[in-house]
Amino acid sequence: MFLISARLFSLSQPNLFKMSGWNAYIDTMTAAAPSIKRAAIVGATDGAVWARTEDANVFKATEAELKTFVNLFQDVTAVPGKGADIEGVHYVVPRSEETLIFGKKENTGFFAAKTKSAVLIAVYEGPNEVAAQVRKAVENMQTYLANAGY
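Under the annotation held in an unreviewed UniProt entry, the protein chain carries the name Profilin and is attributed to Caenorhabditis nigoni. Turning to the protein chain, the UniProt annotation filed under Subcellular location (unreviewed entry) states: "Cytoplasm, Cytoskeleton". Under Sequence similarities (unreviewed entry), UniProt gives the following word-for-word description of the protein chain: "Belongs to the profilin family."

This is how it looks when you write it as structure tokens:
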């Protein structure tokens, strides 16, 4: 269970997705796994940014990159063979599942999880041991948003 002070908005109000309330979900993920350095929540169909880390840890993926990235979930079985690009970095993808993609490059990596209408992306830094904590934080938020209808 998460204690989040964000207000959820109707999917029929797309302009409200950019409101700062979504940043509470980013804050919750980064607090649960401090090795998450950058994160975003984007639309599952168009890659539009709903929330992202800012300031020194700004999530830097471009609109075109995010659109391509969310389309990877259309056939996750093909992703390990070609890898994935996020924030201008190409990651090897040793593992993908129906709603989860895990990418790795040296001491960095990402977990991306899809819900009905959103994709959560968390880029982390650190040894292999932190990956489990990051995955748990992302999957917990995925479950929370899915249960809330997103």
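Right, picking up where we left off after that structure.
**Q** I keep staring at the overall build of the protein chain and nothing clicks. Help me out?
**A** A tally of regular secondary structure across the protein chain gives four helices and seven strands. Each helix and strand of the protein chain, ordered N terminal to C terminal, gives the series α-β-β-α-α-β-β-β-β-β-α. A total of 150 residues make up the protein chain; the buried ones form 47% of that total. The long-range fraction of contacts in the protein chain, counting pairs at least 24 apart against all pairs at least 6 apart in sequence, stands at 49%.

**Q** I keep staring at the pattern of salt bridges and nothing clicks. Help me out?
**A** Scanning the model with the defined rule gives five salt bridges in all. For the salt bridge of Arg 135 with Glu 139, the shortest nitrogen-to-oxygen distance reads 3.1 Å. Linking Arg 135 with Glu 139, this pair stays in helix 4 (residues 131-147), spanning four residues, or about one helical turn. Because the salt bridges share partners, they merge into one network encompassing Arg 95, Glu 97, Arg 135 and Glu 139.

**Q** What is the right way to read the pairing of strand 1 (residues 36-43) from this model?
**A** Regular strands have side chains that alternate between both faces of the sheet. In terms of residue burial, strand 1 counts as a mostly covered element, since seven of its eight residues are buried. When strand 1 meets strand 7 (residues 118-125), the two strands line up antiparallel, connected through seven bridges. Paired with Val 42 across the strands is Val 119, a residue of strand 7. Two strands pair when backbone bridges link them, and strand 1 and strand 2 (residues 49-52) are joined in this way by three bridges, in the antiparallel orientation.

**Q** Where do I start with the packing of aromatic side chains in this structure?
**A** Geometrically, a pair of aromatic rings is defined through the distance of the ring centres and the angle of the planes. Throughout the structure, instances matching the rule amount to eight aromatic pairs. Seen from their ring centres, Tyr 25 and Tyr 144 are 6.0 Å apart, and the 45° between their planes marks the pair as tilted. Placement of Tyr 25 in helix 1 (residues 23-32) and of Tyr 144 in helix 4 is noted, with a sequence separation of 119 residues between them. By relative accessible area, Tyr 25 is classed as buried at 1%. The exposure class of Tyr 144 is partly exposed, given its relative accessible area of 22%. With centroids separated by 5.1 Å and ring planes inclined at 80°, the aromatic side chains of Tyr 91 and Phe 110 adopt a geometry described as edge-to-face.

**Q** Before we go on, may I ask you to explain the sheet that holds strand 3 (residues 84-86) in this structure?
**A** Strands in a sheet are paired, the pairing made by backbone hydrogen bonds, and the direction either parallel or antiparallel. Pairing within the open sheet is antiparallel, and its seven strands lie in the order 2-1-7-6-5-4-3. Strands at the two margins of the open sheet, each flanked by one partner only, are strand 2 and strand 3. The mean inter-strand angle of the sheet, taken between neighbouring strand axes irrespective of direction, is 25°. The sheet contact formed by strand 6 (residues 108-114) and strand 7 spans seven bridges and is antiparallel. Pairing of Phe 111 across the sheet is with Ala 122, part of strand 7. Of the strands in this sheet, strand 1, strand 2, strand 3, strand 6 and strand 7 touch helix 2 (residues 63-71), which is tilted by about 145° from strand 3. Contacts between helix 4 and the sheet are confined to strand 1, strand 4 (89-97), strand 5 (100-105), strand 6 and strand 7, with strand 7 contributing the most and set at about 165° to the helix.

Thresholds, definitions, all that
- Residues numbered from 1 in each chain as written.
- Predicted model: local features only at pLDDT ≥ 70, side-chain atom pairs only at ≥ 80, totals over all residues.
- Heavy atoms only, no water.
- UniProt positions renumbered as here; feature names shortened; annotations may be inferred.
- Helix = DSSP H or I, 4+ residues; strand = E, 2+ residues; numbered from the N terminus.
- Buried < 20%, exposed > 50% of the residue type's maximum accessible area, 1.4 Å probe, protein only.
- Contact = heavy atoms within 4.5 Å.
- Salt bridge = Lys/Arg side-chain N within 4 Å of Asp/Glu carboxyl O.
- Pairing = 2+ DSSP bridges.
- Phe/Tyr/Trp six-rings, centres within 6.5 Å; stacked < 30°, edge-to-face > 60°.
- Axes fitted to C-alpha atoms, helices over the stretch in contact; angles between N-to-C directions.

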